[in-house]
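Geometric and topological summary
Next come the chains, spelled out residue by residue.
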Amino acid sequence: MTPNRKYGAIETPIHLLEMATFDCALPELVLTLRMSSPTTQLAFEHLALDVYHLVVALSDYEKTLGGRGLRLVEKAADDTTITLHVVPVLEPEALERLQRLVELLNNATQNGPAQHQTGGSLREALERTASSVRERFRLAVARRDWKIECQIAD
Amino acid sequence: MNEQPIARHFVACADIQSNPERRVTLVDLIHIIRVRKEEEFPCLVPTICFYALLTNGRGEHTFAISVVLTAEAEDLETFRSHSVRRDLGQDPLVLHGFPMRLNSLRLGRPGQYEFRLLCDELIIATESIEVRSTS
(Lines give C-alpha, C1' and ligand atoms only; values in the text may rest on other atoms or scores of the structure.)
Protein backbone atom coordinates (compact mmCIF):
# COMPACT_ATOMS: atom_id res chain seq x y z
CA MET A 1 0.00 0.00 0.00
CA THR A 2 1.34 3.43 -0.92
CA PRO A 3 1.87 5.64 2.11
CA ASN A 4 -0.46 8.59 2.23
CA ARG A 5 1.91 11.53 1.96
CA LYS A 6 -0.80 13.97 2.89
CA TYR A 7 -0.39 13.12 6.58
CA GLY A 8 2.65 12.89 8.84
CA ALA A 9 3.91 9.54 10.12
CA ILE A 10 3.51 8.74 13.82
CA GLU A 11 5.33 6.81 16.50
CA THR A 12 4.48 5.86 20.08
CA PRO A 13 7.71 6.32 22.03
CA ILE A 14 7.88 4.39 25.28
CA HIS A 15 10.94 3.81 27.39
CA LEU A 16 10.67 0.23 28.56
CA LEU A 17 11.86 -0.43 32.11
CA GLU A 18 13.31 -3.77 33.14
CA MET A 19 10.64 -6.31 34.08
CA ALA A 20 10.13 -6.86 37.81
CA THR A 21 9.43 -10.42 38.94
CA PHE A 22 7.80 -11.15 42.27
CA ASP A 23 7.55 -14.61 43.76
CA CYS A 24 4.40 -14.96 45.85
CA ALA A 25 5.17 -18.49 47.07
CA LEU A 26 5.96 -17.82 50.71
CA PRO A 27 6.83 -20.36 53.40
CA GLU A 28 3.93 -21.31 55.66
CA LEU A 29 3.70 -22.04 59.32
CA VAL A 30 1.80 -25.23 60.07
CA LEU A 31 0.28 -25.30 63.54
CA THR A 32 -1.08 -28.51 65.00
CA LEU A 33 -3.23 -28.06 68.10
CA ARG A 34 -3.74 -31.31 69.96
CA MET A 35 -6.61 -31.21 72.44
CA SER A 36 -6.38 -33.22 75.65
CA SER A 37 -9.93 -34.50 75.18
CA PRO A 38 -12.43 -34.64 72.32
CA THR A 39 -14.43 -31.48 71.82
CA THR A 40 -18.16 -31.74 72.21
CA GLN A 41 -20.36 -30.12 69.63
CA LEU A 42 -21.65 -27.58 72.15
CA ALA A 43 -18.11 -26.26 72.68
CA PHE A 44 -17.27 -25.83 69.01
CA GLU A 45 -17.96 -22.11 68.92
CA HIS A 46 -15.86 -21.38 72.01
CA LEU A 47 -13.03 -23.46 70.66
CA ALA A 48 -13.24 -21.70 67.28
CA LEU A 49 -13.03 -18.35 69.06
CA ASP A 50 -9.97 -19.47 71.04
CA VAL A 51 -8.28 -20.65 67.85
CA TYR A 52 -9.12 -17.32 66.22
CA HIS A 53 -7.57 -15.45 69.17
CA LEU A 54 -4.44 -17.57 68.88
CA VAL A 55 -4.05 -16.77 65.16
CA VAL A 56 -4.69 -13.06 65.76
CA ALA A 57 -2.14 -12.99 68.61
CA LEU A 58 0.41 -14.76 66.43
CA SER A 59 -0.31 -12.37 63.57
CA ASP A 60 0.07 -9.33 65.84
CA TYR A 61 3.37 -10.66 67.13
CA GLU A 62 4.61 -11.15 63.55
CA LYS A 63 3.90 -7.45 62.95
CA THR A 64 6.19 -6.51 65.83
CA LEU A 65 8.96 -8.42 64.02
CA GLY A 66 8.58 -6.11 61.01
CA GLY A 67 5.97 -8.12 59.11
CA ARG A 68 2.46 -7.18 58.01
CA GLY A 69 0.67 -10.00 59.79
CA LEU A 70 -0.33 -13.55 58.93
CA ARG A 71 -3.27 -14.90 57.02
CA LEU A 72 -4.94 -18.21 57.60
CA VAL A 73 -4.92 -20.11 54.31
CA GLU A 74 -5.94 -23.64 55.27
CA LYS A 75 -7.61 -25.32 58.21
CA ALA A 76 -8.62 -28.86 59.09
CA ALA A 77 -10.01 -30.42 62.25
CA ASP A 78 -11.21 -33.62 63.84
CA ASP A 79 -12.36 -34.32 67.40
CA THR A 80 -8.94 -33.86 69.00
CA THR A 81 -6.69 -32.14 66.48
CA ILE A 82 -6.81 -28.83 64.63
CA THR A 83 -4.37 -28.07 61.84
CA LEU A 84 -3.84 -24.52 60.66
CA HIS A 85 -1.69 -23.19 57.83
CA VAL A 86 -0.75 -19.53 58.16
CA VAL A 87 1.27 -17.51 55.67
CA PRO A 88 2.97 -14.15 56.16
CA VAL A 89 1.67 -11.25 54.08
CA LEU A 90 5.04 -9.54 53.59
CA GLU A 91 7.49 -11.31 51.29
CA PRO A 92 10.91 -9.91 52.37
CA GLU A 93 12.44 -11.94 55.25
CA ALA A 94 9.27 -13.98 55.68
CA LEU A 95 11.21 -17.13 56.59
CA GLU A 96 13.28 -15.37 59.27
CA ARG A 97 10.15 -14.01 60.93
CA LEU A 98 8.48 -17.43 60.86
CA GLN A 99 11.56 -18.94 62.50
CA ARG A 100 11.24 -16.37 65.30
CA LEU A 101 7.56 -17.31 65.70
CA VAL A 102 8.45 -20.99 65.96
CA GLU A 103 10.94 -20.16 68.73
CA LEU A 104 8.30 -18.10 70.49
CA LEU A 105 5.69 -20.85 70.22
CA ASN A 106 8.11 -23.50 71.45
CA ASN A 107 9.08 -21.36 74.44
CA ALA A 108 5.46 -20.58 75.28
CA THR A 109 4.52 -24.24 75.05
CA GLN A 110 7.47 -25.40 77.16
CA ASN A 111 6.84 -22.82 79.91
CA GLY A 112 3.23 -23.90 80.27
CA PRO A 113 0.39 -21.87 81.74
CA ALA A 114 1.34 -22.52 85.38
CA GLN A 115 4.66 -20.71 85.16
CA HIS A 116 3.32 -17.54 83.63
CA GLN A 117 3.40 -14.25 85.44
CA THR A 118 0.08 -13.62 87.15
CA GLY A 119 -1.11 -11.67 90.13
CA GLY A 120 -1.64 -8.00 90.87
CA SER A 121 -4.91 -6.22 90.50
CA LEU A 122 -7.36 -6.49 87.62
CA ARG A 123 -6.28 -3.00 86.52
CA GLU A 124 -2.65 -4.17 86.32
CA ALA A 125 -3.65 -7.26 84.36
CA LEU A 126 -5.63 -5.08 81.96
CA GLU A 127 -2.65 -2.77 81.50
CA ARG A 128 -0.32 -5.70 80.89
CA THR A 129 -2.68 -7.22 78.35
CA ALA A 130 -3.43 -3.97 76.54
CA SER A 131 0.17 -2.82 76.30
CA SER A 132 2.00 -6.00 75.41
CA VAL A 133 1.58 -8.06 72.26
CA ARG A 134 3.71 -10.75 73.85
CA GLU A 135 1.39 -10.90 76.88
CA ARG A 136 -1.66 -11.25 74.62
CA PHE A 137 0.11 -14.02 72.78
CA ARG A 138 0.93 -15.77 76.07
CA LEU A 139 -2.70 -15.55 77.14
CA ALA A 140 -3.92 -16.87 73.79
CA VAL A 141 -1.63 -19.89 74.11
CA ALA A 142 -2.62 -20.48 77.73
CA ARG A 143 -6.34 -20.22 76.99
CA ARG A 144 -6.72 -23.96 76.44
CA ASP A 145 -5.14 -27.17 77.58
CA TRP A 146 -3.79 -27.91 74.14
CA LYS A 147 -0.42 -29.03 72.90
CA ILE A 148 0.83 -26.81 70.10
CA GLU A 149 3.24 -28.20 67.54
CA CYS A 150 4.59 -26.03 64.76
CA GLN A 151 6.75 -26.39 61.72
CA ILE A 152 7.65 -24.35 58.69
CA ALA A 153 6.73 -25.75 55.30
CA ASP A 154 7.83 -24.41 51.90
CA MET B 1 15.44 15.76 41.77
CA ASN B 2 12.86 13.09 42.62
CA GLU B 3 9.23 13.26 41.62
CA GLN B 4 6.67 10.49 41.91
CA PRO B 5 5.28 9.27 38.60
CA ILE B 6 1.65 9.25 37.57
CA ALA B 7 0.29 5.93 36.30
CA ARG B 8 -1.60 6.45 33.03
CA HIS B 9 -2.45 2.75 32.77
CA PHE B 10 -2.13 -0.27 35.04
CA VAL B 11 -3.40 -3.41 33.38
CA ALA B 12 -3.52 -7.09 34.35
CA CYS B 13 -2.81 -9.73 31.73
CA ALA B 14 -1.73 -13.33 31.35
CA ASP B 15 1.65 -12.57 29.80
CA ILE B 16 3.81 -9.73 28.55
CA GLN B 17 5.98 -10.21 25.50
CA SER B 18 8.56 -7.72 24.24
CA ASN B 19 10.76 -7.86 21.17
CA PRO B 20 14.26 -6.48 20.52
CA GLU B 21 12.73 -3.24 19.21
CA ARG B 22 11.29 -2.93 22.72
CA ARG B 23 7.72 -3.12 21.54
CA VAL B 24 5.36 -4.70 24.02
CA THR B 25 2.43 -7.07 23.58
CA LEU B 26 -0.01 -7.74 26.40
CA VAL B 27 -1.52 -11.20 26.11
CA ASP B 28 -5.09 -11.89 27.35
CA LEU B 29 -6.17 -9.01 29.53
CA ILE B 30 -7.59 -10.27 32.82
CA HIS B 31 -10.62 -9.02 34.70
CA ILE B 32 -12.08 -12.22 36.15
CA ILE B 33 -10.42 -15.34 37.48
CA ARG B 34 -12.66 -18.35 37.83
CA VAL B 35 -11.68 -21.44 39.72
CA ARG B 36 -12.29 -24.62 37.74
CA LYS B 37 -15.23 -26.79 38.71
CA GLU B 38 -13.19 -29.64 40.08
CA GLU B 39 -10.89 -27.34 42.06
CA GLU B 40 -11.29 -25.70 45.43
CA PHE B 41 -9.91 -22.74 47.32
CA PRO B 42 -7.17 -21.89 48.02
CA CYS B 43 -6.22 -21.80 44.38
CA LEU B 44 -2.92 -21.01 42.76
CA VAL B 45 -2.42 -18.57 39.89
CA PRO B 46 0.88 -19.70 38.34
CA THR B 47 1.56 -16.35 36.66
CA ILE B 48 -0.19 -13.04 36.35
CA CYS B 49 1.38 -9.97 34.78
CA PHE B 50 0.83 -6.25 35.15
CA TYR B 51 1.85 -3.48 32.82
CA ALA B 52 2.05 0.09 34.02
CA LEU B 53 2.55 3.16 31.89
CA LEU B 54 4.19 5.84 33.98
CA THR B 55 4.87 9.49 33.30
CA ASN B 56 5.67 12.74 35.13
CA GLY B 57 8.31 10.93 37.17
CA ARG B 58 11.88 11.88 37.90
CA GLY B 59 14.70 10.09 39.64
CA GLU B 60 14.95 6.70 41.34
CA HIS B 61 11.95 5.14 43.07
CA THR B 62 11.04 1.85 44.71
CA PHE B 63 8.08 -0.11 43.39
CA ALA B 64 6.15 -2.98 44.97
CA ILE B 65 2.86 -4.81 44.50
CA SER B 66 0.27 -5.27 47.22
CA VAL B 67 -2.68 -7.65 46.87
CA VAL B 68 -5.76 -6.75 48.91
CA LEU B 69 -9.05 -8.59 49.30
CA THR B 70 -11.58 -5.77 49.35
CA ALA B 71 -14.85 -7.67 49.73
CA GLU B 72 -14.57 -7.65 53.51
CA ALA B 73 -15.70 -5.34 56.31
CA GLU B 74 -12.24 -3.86 55.96
CA ASP B 75 -9.52 -4.34 53.37
CA LEU B 76 -7.47 -7.44 54.00
CA GLU B 77 -3.95 -7.40 52.59
CA THR B 78 -2.98 -10.88 51.50
CA PHE B 79 0.41 -10.28 49.90
CA ARG B 80 3.05 -7.55 49.81
CA SER B 81 6.05 -8.03 47.55
CA HIS B 82 9.60 -6.89 48.05
CA SER B 83 10.51 -3.55 46.50
CA VAL B 84 12.41 -3.05 43.27
CA ARG B 85 14.25 0.12 42.33
CA ARG B 86 13.84 1.78 38.95
CA ASP B 87 15.38 4.96 37.58
CA LEU B 88 12.90 7.16 35.70
CA GLY B 89 15.56 9.62 34.55
CA GLN B 90 15.12 13.39 34.68
CA ASP B 91 12.69 14.02 31.82
CA PRO B 92 9.11 13.99 33.16
CA LEU B 93 7.68 13.87 29.63
CA VAL B 94 9.04 10.40 28.98
CA LEU B 95 6.53 7.54 29.11
CA HIS B 96 7.92 4.53 30.95
CA GLY B 97 6.49 1.10 30.32
CA PHE B 98 6.92 -1.04 33.43
CA PRO B 99 6.20 -4.78 33.08
CA MET B 100 5.74 -6.86 36.24
CA ARG B 101 5.24 -10.57 36.76
CA LEU B 102 3.77 -12.26 39.85
CA ASN B 103 4.47 -15.96 40.16
CA SER B 104 2.65 -18.51 42.33
CA LEU B 105 -0.05 -16.21 43.63
CA ARG B 106 -2.31 -17.99 46.11
CA LEU B 107 -5.92 -16.84 46.40
CA GLY B 108 -7.58 -17.97 49.59
CA ARG B 109 -11.22 -17.39 48.72
CA PRO B 110 -13.51 -15.82 46.15
CA GLY B 111 -13.96 -12.07 46.17
CA GLN B 112 -12.81 -8.79 44.75
CA TYR B 113 -9.04 -8.52 44.78
CA GLU B 114 -7.32 -5.18 44.32
CA PHE B 115 -3.77 -5.19 42.99
CA ARG B 116 -2.01 -2.03 44.08
CA LEU B 117 1.09 -0.58 42.52
CA LEU B 118 3.10 1.12 45.22
CA CYS B 119 5.72 3.75 44.52
CA ASP B 120 7.81 4.61 47.57
CA GLU B 121 5.11 2.89 49.70
CA LEU B 122 2.29 5.05 48.26
CA ILE B 123 -0.45 3.67 46.01
CA ILE B 124 -0.17 5.13 42.51
CA ALA B 125 -2.44 2.69 40.64
CA THR B 126 -4.96 -0.07 41.29
CA GLU B 127 -6.45 -2.87 39.22
CA SER B 128 -9.41 -4.92 40.46
CA ILE B 129 -9.87 -8.56 39.59
CA GLU B 130 -12.88 -10.59 40.59
CA VAL B 131 -12.14 -14.13 41.72
CA ARG B 132 -15.14 -16.40 41.28
CA SER B 133 -16.06 -19.82 42.43
CA THR B 134 -18.01 -21.94 39.97
CA SER B 135 -20.36 -23.34 42.62
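Refer to the preceding data block for the structure.
Per chain, the residues get numbers from 1 upward, laid out in the order the sequence is written. Ligands are numbered from 1 and chains lettered from A, in the order in which they are written. The predicted origin of the model limits local features to residues at a pLDDT of at least 70 and limits the giving and counting of side-chain atom pairs to 80 or more, whereas totals for whole chains, interfaces and linings rest on all residues. The basis for the side-chain values is all heavy atoms of the structure; hydrogens and waters are excluded.

What follows concerns the overall build of chain A. Each helix is a run of DSSP H or I of at least 4 residues and each strand a run of E of at least 2, with the numbering of both proceeding from the N terminus. In terms of helices and strands, chain A carries four helices and six strands. Going residue by residue from the N terminus, the α and β elements of chain A occur as β-β-β-α-β-β-α-α-α-β. Partly exposed residues are those whose accessible area sits between 20% and 50% of the maximum for their type, while under 20% is buried and over 50% is exposed, using a 1.4 Å probe and protein chains only. Expressed as a percentage of its 154 residues, the buried residues of chain A come to 38%. Considering only contacts in chain A between residues 6 or more positions apart, those separated by 24 or more positions represent 72%. Exposure was quantified through the Shrake-Rupley algorithm and a 1.4 Å probe, taking into account, for residues, occlusion by the shown protein chains and nothing else. Accessible surface, chain A as shown: approximately 9600 Å² in total, 52% of it carbon and sulfur. Residues are treated as being in contact if the distance between any of their heavy atoms lies within 4.5 Å.

What links the strands of a sheet is backbone hydrogen bonding, and the strands pair in either a parallel or an antiparallel sense. Residues and elements named next belong to chain A. Strands are labelled as partners when DSSP assigns at least two bridges between them. Here we have four strands laid out as an open sheet, ordered 4-5-3-6, and antiparallel in their pairing. Whereas interior strands pair on both sides, the edge strands pair on one side only; in this sheet they are strand 4 (70-77) and strand 6 (146-153). On average, each strand axis in the sheet is inclined to that of its neighbour by 20 degrees, with strand direction left out of account. Here seven bridges tie strand 4 to strand 5 (residues 81-88), and the two strands are oriented antiparallel to one another. From the neighbouring strand, Glu74 faces strand 5, where its bridge partner is His85. Only the stretch in contact is used when a helix axis is fitted, and all axes are lines through C-alpha atoms; the angle between N-to-C directions ranges over 0 to 180 degrees. Most of the contacts of helix 1 (residues 44-64) go to strand 5, to which it runs at about 30 degrees, and overall it touches strand 3 (28-35), strand 4, strand 5 and strand 6.

Our next topic: the nonpolar core. Counting residues in hydrophobic clusters, the biggest one holds 39 residues, and the most contacted among them are Ile48(B), Phe50(B), Phe63(B), Phe98(B), Met100(B), Leu102(B) and Leu117(B). Listed by contribution, the elements that provide at least two residues to this core are strand 2 (20-23) of chain A together with strand 1 (6-18), strand 4 (43-55), strand 5 (60-69), strand 8 (96-107), strand 9 (111-119) and strand 10 (122-132) of chain B. At six residues, strand 4 of chain B tops the list of elements feeding residues into this core. Leaving out residues up to four positions away in the same chain, Phe98(B) has contacts with Leu17(A), Glu18(A), Ala20(A), Phe50(B), Tyr51(B), Ala52(B), Leu54(B), Phe63(B), Val84(B) and Arg86(B). Listed in part, the 28 residues of the second largest apolar core include Tyr61(A), Val102(A), Ala140(A) and Trp146(A). As used in this record, nonpolar core signifies buried Ala, Val, Leu, Ile, Met, Phe, Trp, Tyr and Cys residues forming a set joined through side-chain atoms within 4.5 Å.

Here we take up the pairing of strand 4 of chain B. Residue and element names in this part refer to chain B. With respect to burial, strand 4 is a largely interior element, 10 of its 13 residues being buried. Pairing of strand 1 with strand 4 involves seven bridges; the strand directions are antiparallel. Note on strand 4: the bridge partner recorded for Ile6 is Thr55. When strand 4 meets strand 8, the two strands line up antiparallel, connected through 11 bridges. When the sheet's bridge partners are listed, Ala52 is paired in strand 8 with Phe98.

The subject of this paragraph is helix 1 of chain A. Multiplying 1.5 Å by the helix residue count minus one yields the expected span of that helix. A rise of 1.5 Å per residue sets the reference length of helix 1 of chain A, with its 21 residues, at 30 Å; its end C-alpha atoms lie 31 Å apart and thus fit the reference within 8%. Those residues of helix 1 of chain A that fall on the buried side of the exposure criterion are Leu47(A), Asp50(A), Val51(A), Leu54(A), Val55(A), Ala57(A), Leu58(A), Ser59(A), Tyr61(A) and Glu62(A).

Residues and elements named next belong to chain A. For the pair helix 3 (residues 122-131) and helix 4 (residues 133-142), the least separation of the axes is 5 Å and the interaxial angle reads 105 degrees. In terms of their interaxial angle, helix 3 and helix 4 are classed as roughly perpendicular. For the pair formed by helix 3 and helix 4, the contact residues are Arg128, Thr129, Ala130 and Ser131 on the first element and Val133, Glu135, Arg136 and Leu139 on the second. Of the residues in the contact of helix 3 with helix 4, the class split is three nonpolar, two polar and three charged. Orientation is classified from the angle alone, with under 35 degrees giving roughly parallel, over 145 giving roughly antiparallel, 65 to 115 giving roughly perpendicular, and any other angle giving oblique. Residues are grouped as follows: Ala, Val, Leu, Ile, Met, Phe, Trp, Tyr, Cys and Pro are nonpolar; Asp, Glu, Lys and Arg are charged; all remaining types, including Gly, are polar.

Aromatic rings considered in pairs are described by the distance between their centres and by the relative angle of their planes. Paired rings are identified among Phe, Tyr and Trp, the last through its six-membered ring, by centres lying within 6.5 Å, and are further divided according to the angle between planes into stacked (under 30 degrees), edge-to-face (over 60) and tilted (the rest). Summed over the entire model, instances satisfying the criterion amount to four aromatic pairs over all chains. Here the aromatic rings of Tyr61(A) and Phe137(A) are separated by 6.2 Å at their centres, their planes lie at 35 degrees, and the arrangement is tilted. Of this pair, Tyr61(A) sits in helix 1 while Phe137(A) sits in helix 4, and the two are 76 residues apart along the sequence. The pair Tyr61(A) / Phe137(A) is uniform in exposure class, with both members buried. A ring pair is formed by Phe10(B) and Phe50(B), whose centres lie 5.3 Å apart and whose planes are at 20 degrees; its orientation type is stacked. Of this pair, Phe10(B) sits in strand 1 while Phe50(B) sits in strand 4; the two residues are 40 residues apart in sequence, bridging distant segments of the chain. Under the relative-accessibility criterion, Phe10(B) is labelled buried at 7%.

The subject of this paragraph is the pattern of salt bridges. Opposite charge on two side chains permits pairing when their charged atoms draw close. Salt bridge, as used here, is a side-chain nitrogen of Lys or Arg placed within 4 Å of a carboxyl oxygen of Asp or Glu. Counted under the stated rule, the structure contains 18 salt bridges over all chains. In this structure, Arg34(A) and Glu149(A) form a salt bridge, with 2.9 Å as the shortest nitrogen-oxygen distance. Here the residue Arg34(A) occupies a position in strand 3, and Glu149(A) occupies one in strand 6, the gap between them amounting to 115 residues. We classify Glu149(A) as partly exposed; its relative accessible area is 26%. For Arg116(B), the salt bridge identified is with Glu114(B), shortest N-O distance 2.7 Å. You can call Arg116(B) buried: its relative accessible area is 16%. Through salt bridges that share partners, Arg68(A), Glu77(B), Arg80(B) and Glu121(B) make up one connected network.

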